[in-house]
Amino acid sequence: MQAKKRYLILFSAGVSLILLFYLQEPASRGTPNRGDDPHPHWPHFSDPLRAFIPWDQTETEDYNVRASPRHKRDDNSGAYKCRMDSCFDFSLCGRNGFKVYVYPQQKGEKISESYQNILSSIEGSRFYTSDPGQACLFVLNLDTLDRDQLSPQYVHNLKTKIQNLKLWNNGRNHLIFNLYSGTWPDYTEDLGFDIGQAMLAKASISTENFRPSFDISIPLFSKDHPRTGGERGYLKYNTIPPFRKYVLVFKGKRYLTGIGSDTRNALHHIHNAEDVVLLTTCKHGKDWQKHKDARCDEDNAEYDRYNYKEMLHNSTFCLVPRGRRLGSFRFLEALQAACVPVMLSNGWELPFSEIIDWRTASIIGDERLLLQIPSTVRSIHQDRILSLRQQTQFLWEAYFSSVEKIVLTTLEIIQDRVLQHNAHSTLMWNRLPGGLFTLPQYSSYLGDFPFFYAVLGKQATAVYFINMLLHLRSIIVLWNCDKPLPAKHRWPATSVPVVVIEGESKVMSSRFLPYENIKTDAVLSLDEDTVLSTTEVDFAFTVWQSFPERIVGYPARSHFWDPNKERWGYTSKWTNDYSMVLTGAAFYHRYYNYLYTHYLPSSLKSMVDQLSNCEDILMNFLVSAVTKMPPIKVTQKKQYKETMMGQTSRASRWADPDHFAQRQTCMNKFASWFGTMSLVHSQMRLDPVLFKDQVSILRKKYRDIERL
């Protein structure tokens, strides 16, 4: 009887413990910030039984080791109390908006090339102001990137130099950039000076030290990372199925002394030299042979057998383990190569984690589950792999391919915090073309942008356009000449209002101002000498409805590389391909007027205005830089070329060699500012007889265009 009673008591206690476990488990799972992930992902181990630890043991060293970085950070509230509302003065941003001031360089102070690229990116942006009285944010001209005391780039006496700055104000409204901190052997995150209330844009920052919605995690980039432009990602459009030669690869250092990654020391356990190739070498540092272990010679020999670039470009997944610090160069290398990063760096706050949903472009792993990696990545479906790889390419080109994009993304994030009513949505950050080209100051409604028609339904904002000419809203005439306006009775009678705007400055860029009179998404831009029939206009608009993010029109031009002059050339020859559709007769989305006015620097627009030329080329550069696609040419009547060449107002310009020389100069200036040749060649021409029409030729809607 006693034995039966003891059995029932033990059974009841066991059931109670199981119920407690299941009741606690959902709360302990690390649920994502952006909703439930429909795809399998790595489990999070946050020690669900932590609540059963006796209260008098929570201060022990063993407990602190097991506690999550976020738990430690939250417990250490005194050291990380800075938030935007407590350490940032919003009143400085109220008068002039979000403007950034860079301190003038001090005599005798050396600046690394990487930090100079950061400062140049700020000074060349629309955020920059040379007047500290107009500034909302301040950036030091003292190099804070490398705070490793053993580095030749280390700046001494930085603490004193910063404290002597008159505008420092304990770091309030200041932004500090840092790539490396700490030194051998422990590589802590200490910068060697008190940052006060300054925000920190830091690589390899731990979740424990990261101040949410105040600091910004940036990627670790090399000194060779391009300042502007940058190479495009390596994903090809025809790589289906998405599997490559290797499933998982890594090649890097294995540290023998000082702090290092235990994960790298254990990689040989899952390396099979077939589809999983994980290579490490001991050859680093001057005295590595003094410390080498029994595996070094074998690892080094295996390491030398493989070419890293060949591995990188032929693997589906790339391992990104921590090294001396949490971040690694392998992260950006994997993104560019469309090799899905497998993150193995517990406690690392991923770059731009505030805005980027990394679950759509990477696998977030746990260093304690190293042996499960091969089976986990092999279980991911090829559809999911293709989606992950495509997202790596978008993120690489949108935010990481150059120092300028990294810096501008950092500034846009801070601006979102300051101007919360005009902040980017999560969709804007994580969908093409990205947050740098989608300015929420234009509109808070996604349907007002040409990029989200597919998400919201393409007709969401253009539903009233059934026939362009029947539903024309208004005609806007920009009077940009010195002659006085004609009398009202000389204007032709029209069924819609004619709005005449006198260009006060008489400059070319005024044609692309975001005039309030423009109420429709579609803008038909026409030069004064353009000759188009109503049928041609109607057809071009029909095409634009299918491609609202692109320029759609008639006159086409092209660019080419001149190897003799080593510069870009411009041609108006009628050839098979083209890369520009001139805005003298073209449709485009009105958002590009806003982007042209507010995104492009004043230096480019001033050049256009001084030359009275090239505004159409600049608009093509801008749209192609945003979409990464060419414009669309529609076929016109056979006499179009002869008609346009016969116009006396333009014939002299087309024959003028200075006109073409100016346009070639413009092209090279634009390519230099964008950091790359953003124009894209195309051979597609949409024919009115064939476009989206499967009926017989006698019933074609636009069959008369070819007879004009």
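Residues numbered from 1 in each chain as written. Predicted model: local features only at pLDDT ≥ 70, side-chain atom pairs only at ≥ 80, totals over all residues. Heavy atoms only, no water.

### Some remarks on the sheet that holds strand 17 (residues 556-562)
The antiparallel open sheet is built from three strands, whose spatial order is 18-17-19. With partners counted over all chains shown, the strands left at the sheet margins are strand 18 (567-571) and strand 19 (580-581), one partner each. Bridge count between strand 17 and strand 19: two bridges; the pairing is antiparallel. Residue pairing across strands places Arg557 opposite Met580, the latter belonging to strand 19. Helix 23 (residues 657-674) rests against strand 17, strand 18 and strand 19 of the sheet, and its axis sits at about 135° to strand 18. (Pairing = 2+ DSSP bridges. Helix = DSSP H or I, 4+ residues; strand = E, 2+ residues; numbered from the N terminus. Contact = heavy atoms within 4.5 Å. Axes fitted to C-alpha atoms, helices over the stretch in contact; angles between N-to-C directions.)

### Here's the deal with the state of the cysteines
Enumeration over the complete set of coordinates arrives at five disulfides. Across the disulfide from Cys282 sits Cys296; the S-S distance is 2.2 Å. Handedness of the Cys282-Cys296 disulfide follows from its S-S torsion of about -90°: it is left-handed. In this pair, Cys282 sits in the loop between strand 9 (276-281) and helix 8 (288-291) while Cys296 sits in helix 9 (residues 296-304), placing the two residues 14 residues apart along the sequence. Residues Cys282 and Cys296 agree in their burial class; the two are buried. With a sulfur-sulfur separation of 2.0 Å, Cys614 is cross-linked through a disulfide to Cys666. Between Cys614 and Cys666 the disulfide shows an S-S torsion of about 80°. By sign, it is right-handed. Placement of Cys614 in the loop between helix 19 (602-611) and helix 20 (615-627) and of Cys666 in helix 23 is noted, with a sequence separation of 52 residues between them. Neither Cys614 nor Cys666 differs from the other in exposure class; each is buried. Across the chain, the way the bonded cysteines pair up, counted in sequence order, is 1-2, 3-4, 5-6, 7-8, 9-10. (Disulfide = S-S within 2.5 Å. Buried < 20%, exposed > 50% of the residue type's maximum accessible area, 1.4 Å probe, protein only.)

### What to know about helix 23
Between the first and last C-alpha of helix 23 there are 26 Å, a value that for 18 residues agrees with the 26 Å anticipated at 1.5 Å per step. Of all the residues in helix 23, the buried ones are His659, Arg663, Cys666, Met667, Asn668, Phe670, Ala671, Trp673 and Phe674. (Expected span 1.5 Å × (residues − 1).)

### Quick word on a nonpolar patch on the surface
Together, Ile475, Leu485, Val498 and Val500 line one region of the surface with nonpolar side chains, adding up to about 240 Å² of accessible area. Judged by relative accessible area, Leu485 falls into the partly exposed class, the value being 35%. (Patch = residues over 30% accessible without salt bridge, like charges linked within 9 Å, V, L, I, M, F, W, Y side chains within 5 Å. Areas by Shrake-Rupley, 256 points an atom, 1.4 Å probe, with all protein chains shown as cover. Salt bridge = Lys/Arg side-chain N within 4 Å of Asp/Glu carboxyl O.)

### A word on the confidence of the model for the chain
Chain-level statistics for the chain give a pLDDT mean of 83 and a share of 80% at 70 or above. Across residues 458-469, where pLDDT falls below 50, the model places 31 contacts with residues more than four positions away in sequence or in other chains. Here residues 645-652 is modelled with pLDDT under 50, and outside its nearest four sequence neighbours on either side it reaches eight contacts, counting other chains as well. (pLDDT = per-residue confidence, 0-100.)

### Quick word on the environment of Leu600
Summarising the element assignment, Leu600 is placed in the loop between helix 18 (591-598) and helix 19. Leu600 sits 73 residues away from Trp673 along the chain, and the two C-alpha atoms are 9.6 Å apart. Beyond its immediate chain neighbours, meaning those up to four positions away, Leu600 contacts Leu595, Lys605, Leu618, Leu622, Trp673 and Phe674.

### What about the pattern of salt bridges?
Close approach of charged atoms allows side chains of opposite charge to pair. Counted by the stated rule, this structure contains 23 salt bridges. Between Glu397 and Arg232 there is a salt bridge, with its nearest N and O atoms 3.3 Å apart. Of this pair, Glu397 sits in helix 13 (residues 382-400) while Arg232 sits in the loop between strand 7 (216-217) and strand 8 (246-253), and the two are 165 residues apart along the sequence. As a salt-bridge pair, Asp357 and Arg359 come within 3.0 Å of each other at their nearest N and O atoms. Residues joined by salt bridges that share partners form a network here, namely Arg254, Asp293, Arg295 and Asp299.

### Focus: the packing of aromatic side chains
What the rule picks out here adds up to 32 aromatic pairs. Grouping aromatic residues by their ring pairs yields a cluster made of Tyr442, Phe449, Phe451, Phe452, Tyr591, Tyr592 and Tyr594. Over the aromatic face of Tyr303 sits the side chain of Lys251, whose NZ or CZ is 4.5 Å from the ring centroid. (Phe/Tyr/Trp six-rings, centres within 6.5 Å; stacked < 30°, edge-to-face > 60°. Lys NZ or Arg CZ within 6 Å of the ring centre and 35° of its normal.)

### Section: unusual backbone geometry
For residues that are not glycine, phi is negative in most cases, and the peptide bond is trans in most cases. The omega torsion across Trp184 and Pro185 is 10°, close enough to zero to call that bond cis. The peptide bond linking Leu432 to Pro433 adopts the cis configuration, its omega dihedral lying at 0°. For Pro433, the position within the fold is in the loop between helix 15 (426-430) and helix 16 (453-456). Here the phi dihedral of Tyr187 falls at roughly 50°; this positive angle occurs in a residue that is not glycine. If you trace the backbone, Tyr187 turns up in the loop between strand 5 (180-181) and strand 6 (199-202). Here Tyr187 falls in the buried class, since its relative accessible area comes to 16%. The residue Ser213 is not glycine, and still its phi comes out positive at about 60°. Given the relative accessible area of 40%, Ser213 is considered partly exposed.

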